[in-house]
Amino acid sequence: MAESKEFFYPIKWLSKASAGDRVTSELRMRIISGMIESGTILSENKIAADFGVSRSPVREALKILASENIIRLERMGAVVIGLTEKKYSEIYDVRILIETFVFERLVRVETDDLVRELSKILEMMKISIKYQDADEFSYQDVLFHETIIRSIDHSYILMIWDNLKPVMESLILLSMRHRINEKYEDFTRVINNHQLYIDAIKSKDRDLMIKSLHVNFDDVQEKVEDLWRAQQMLSKGVGQEND
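Numbers given to residues run from 1 along each chain, matching the order in which its sequence is written. For a predicted model such as this one, the threshold for reporting local features is a pLDDT of at least 70, and the threshold for listing and counting side-chain atom pairs is 80 or more; totals across whole chains, interfaces and linings nevertheless cover every residue. As a rule here, side-chain values cover all heavy atoms of the structure and leave hydrogens and water aside.

A. Examining the sheet that holds strand β1 (residues 41-43) more closely. Here, a strand pair is defined by DSSP locating no fewer than two bridges between the strands. The way it works is that DSSP assigns letters per residue, a run of H or I at least four long becomes a helix, a run of E at least two long becomes a strand, and they are numbered from the N terminus. Strand order in the open sheet formed by three strands is β1-β3-β2, and the pairing between neighbours is antiparallel. Edge positions in the sheet fall to β1 and β2 (71-74), since each has one partner strand and no second. Put simply, the sheet's adjacent strands are angled 30° from each other on average, direction ignored. Bridging between β1 and strand β3 (residues 77-80) involves three bridges; their strand directions are antiparallel. Bridging from a neighbouring strand, L42 pairs with A78 of β3. Two residues qualify as a contact provided that any one of their heavy atoms is within 4.5 Å of a heavy atom in the partner residue. All axes here are fitted lines through C-alpha atoms, helices being fitted over the stretch that makes contact, and every angle between N-to-C directions spans 0 to 180 degrees. Helix-sheet contacts for helix α2 (residues 44-51) involve β1 and β3, and the interaxial angle to β1 is about 65°.

Okay, here's the thing in structure tokens:
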């Protein structure tokens with residue numbers, strides 16, 4: 001395991017977190033980033049020493065990471081599996097499923113409060129870009145999408161989101177850190193894409209909604225259209241049952 005005493009995961013995101021949560025988040029970031037390579041053996045004792053904690057929060061962290069299928073538990077430690085391309089693709093499959101589901105619900109409900117809240121978050125994202133703060137931008141980006149998802153008050157969708165969020169949050173953070181250094185000009189496009197989300201929700205325009213999904217998930221456009229059609233069919237069926 002890397003000897004770094006500095007946290008790779010933003011400490012400010014974990015101000016009220018337990019020792020176990022802090023260890024979990026940091027190990028997850030190091031694994032997903034490749035700082036800790038696939039096949040690495042993780043020792044409970046070594047991790048505890050590196051983080052200055054007892055073995056109890058380390059065990060807690062390893063159990064969570066095993067549930068995310070990025071490590072495999074072994075006696076007194078674990079073996080790193082990492083995040084394969086297949087797993088990466090599956091994460092975004094689920095994320096698209098969630099967002100298409102939520103968008104279809106938002107067509108039929110009042111969204112003024114949601115639009116106002118999203119607009120506030122978008123302004124914070126713009127400020128983060130101005131000061132080239134990739135960590136804060138990532139936090140606000142995740143909050144933006146989470147606010148949309150939580151707006152429909154669907155307990156099982158939230159359960160899926162909460163399970164998906166930690167790994168996805170790490171992926172977004174790594175991506176934005178790279179982008180702020182290598183593709184800073186691309187943030188104009190990112191902001192415009194998020195504004196399109198807001199415009200689509202405000203207008204309840206299905207065509208604009210699917211366009212916003214396209215531009216935010218431009219490498220999986222075929223899946224977006226298939227999932228959107230499936231959600232519309234599902235919603236139509238539910239509506240007929242309730243008539």
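Still to come is the rest of the account.
B. Highlighting the pairing of β3. Residue burial is assigned from relative accessible area. The probe radius is 1.4 Å, only protein chains are included, and a residue is buried under 20% of its type maximum, exposed over 50%, and partly exposed in between. Burial along β3 is two-sided: the face carrying G77 and V79 and the face carrying A78 and V80 are both buried. Note: β2 against β3, four bridges, orientation antiparallel. Among the inter-strand pairings, E74 is bridged to a residue of β3, identified as G77. The antiparallel hairpin formed by β2 and β3 contains two residues in its connecting segment, where M76 sits at a positive phi of about 65°.

C. Main features of a nonpolar patch on the surface. A surface patch of nonpolar side chains, amounting to about 320 Å² of accessible area, comprises M124, I127 and Y131. Position of M124 relative to the elements: it lies in helix α5 (residues 112-130). By relative accessible area, which is 36% here, M124 ends up partly exposed. Here, patches come from residues exposed beyond 30% relative accessible area and free of salt bridges, joined within 9 Å for like charges and within 5 Å for nonpolar side chains (Val, Leu, Ile, Met, Phe, Trp, Tyr). For every accessible area listed, the method is Shrake-Rupley and the probe measures 1.4 Å; residues are considered covered only by the protein chains on display. By convention in these notes, a salt bridge is any Lys or Arg side-chain nitrogen within 4 Å of a carboxyl oxygen on Asp or Glu.

D. Layout of the pattern of salt bridges. What the rule picks out here adds up to 17 salt bridges. Put simply, E26 and R30 hold a salt bridge, and the shortest N to O gap is 2.6 Å. A residue pair is termed a helical-turn pair when its members lie 3 or 4 positions apart in one helix, as E26 and R30 do in helix α1 (residues 19-33) at four residues. For R30, a relative accessible area of 2% corresponds to the buried category. Here E146 ties to R150 by a salt bridge, and the two come within 3.0 Å at their closest N and O atoms. With E146 and R150 both in helix α6 (residues 134-150), this residue pair falls four residues apart, about one helical turn. Given the relative accessible area of 38%, R150 is considered partly exposed. When salt bridges that share partners are traced, they join E146, R150, D162 and K165 into one network.

E. Looking closely at unusual backbone geometry. A positive phi angle is found at D153, which is not glycine, with a value near 55°. We classify D153 as exposed; its relative accessible area is 65%. We note that K204 has phi near 55°; this positive angle belongs to a residue other than glycine. Mapped onto the elements of the fold, K204 is located in the loop between α8 (187-203) and α9 (206-216).

F. Just the nonpolar core, in detail. We call a set of buried Ala, Val, Leu, Ile, Met, Phe, Trp, Tyr and Cys residues a nonpolar core when their side-chain atoms join them within 4.5 Å. Judged by nonpolar contacts, the single largest core of 44 residues is most densely connected at V102, F103, L106, F137, F144, I148 and I201. Mapped by element, the contributors of at least two residues to this core are α4 (85-106), α5, α6, α7 (155-182), α8 and α9. Looking at this core element by element, the count peaks at ten residues for α7. Residues in contact with F137, not counting those within four places in the same chain, are M125, S128, I129, M176, F187, V190 and I191.

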